[in-house]
Amino acid sequence: QVQLVESGGGLVQAGGSLRLSCAASGRYTMGWFRQAPGKDREFVVGISWRSGSTYYGDAVKGRFTISRDNAKNTVYLQMNSLKPEDTAVYYCAAKFGGTAQSMGAIMDIDYWGQGTLVTVSS
């Protein structure tokens, strides 16, 4: 059974930073999605297992950075310059193989984390 365990959400003021972590029970292409109240789940970023290549959604480019520690099967999402519109439940996601960009196809995601709430106050 694949497990994705997230941590790091919380409340932060606009302009602040947070770092999310997601520990996986194996080696996968991974990434993050988010879902704000009343909205569809939105792709945030993906990272490949082998090369570490990354692919970002337009809304977070230049502000968020994904990285991974393959020895720990863990990915990190550093979120800087946070805005109130970044408020959402953030979900770690994983799939077998594929590219960082392919993480954007929500129907192809194999596993989801439980979600962690990020709230950005204005």
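So, how was this worked out
- Residues numbered from 1 in each chain as written.
- Predicted model: local features only at pLDDT ≥ 70, side-chain atom pairs only at ≥ 80, totals over all residues.
- Heavy atoms only, no water.
- Phe/Tyr/Trp six-rings, centres within 6.5 Å; stacked < 30°, edge-to-face > 60°.
- Helix = DSSP H or I, 4+ residues; strand = E, 2+ residues; numbered from the N terminus.
- Buried < 20%, exposed > 50% of the residue type's maximum accessible area, 1.4 Å probe, protein only.
- Lys NZ or Arg CZ within 6 Å of the ring centre and 35° of its normal.
- Pairing = 2+ DSSP bridges.
- Contact = heavy atoms within 4.5 Å.

**Student:** Describe the packing of aromatic side chains, listing the residues and the values that go with them.
**Tutor:** Evaluation of the coordinates by the stated rule reveals 7 aromatic pairs. Relative to Phe 96, the ring of Tyr 28 lies with its centre 5.2 Å away and its plane at 70°, an arrangement referred to as edge-to-face. Of this pair, Tyr 28 sits in the loop between β3 (18-24) and β4 (29-35) while Phe 96 sits in the loop between β9 (88-95) and β10 (111-112), and the two are 68 residues apart along the sequence. We classify Tyr 28 as buried; its relative accessible area is 8%. Ring centres of Phe 33 and Trp 112 lie 5.1 Å apart, and the angle between their planes is 70°; this geometry places the pair in the edge-to-face category. Of this pair, Phe 33 sits in strand β4 while Trp 112 sits in strand β10; the two residues are 79 residues apart in sequence, bridging distant segments of the chain. For Phe 33, a relative accessible area of 1% corresponds to the buried category. What makes Trp 112 partly exposed here is its relative accessible area of 31%. Taken together, the aromatic side chains of Phe 33, Phe 43, Tyr 55, Tyr 91 and Trp 112 make up a single cluster linked through ring pairs. Just above the ring of Tyr 91 sits the side chain of Arg 41; from NZ or CZ to the centre is 3.7 Å.

**Student:** Could you give an account of the pairing of strand β8 (residues 74-79), naming the residues involved and the relevant values?
**Tutor:** Successive side chains on a regular strand alternate, one facing one side of the sheet and the next facing the other. Within β8, 5 of the 6 residues are buried, which leaves the element mostly enclosed by the surrounding structure. Sheet topology places strand β7 (residues 64-69) next to β8; 6 bridges connect them, and they run antiparallel. Opposite Ser 67, over in β8, you have Tyr 76 as the bridge partner. If you look at the hairpin formed by β7 and β8, you'll find 4 residues sitting between the two strands, and Asn 73 has a positive phi there, around 50°.

**Student:** So, the environment of Arg 63: which residues are in play, and what are the values?
**Tutor:** Structurally, the position occupied by Arg 63 is in the loop between β6 (54-56) and β7. Look at Arg 63 and you get buried, because its relative accessible area is 11%. In this structure the C-alpha to C-alpha distance between Arg 63 and Leu 82, which are 19 residues apart in sequence, comes to 7.7 Å. For Arg 63, the residues in contact, after removing those within four places along its chain, are Gln 78, Met 79, Asn 80, Ser 81, Leu 82, Lys 83 and Asp 86.

**Student:** Outline the environment of Ser 53, supporting the account with residue identities and numerical values.
**Tutor:** Take Ser 53: it is sitting in the loop between β5 (42-47) and β6. The exposure class assigned to Ser 53 is partly exposed, which follows from its relative accessible area of 35%. For the pair Ser 53 and Ile 66, spaced 13 residues apart in sequence, the C-alpha separation works out to 9.8 Å. Apart from the residues within four sequence positions on either side, Ser 53 is in contact with Gly 46, Ile 47, Ser 48 and Ala 100.

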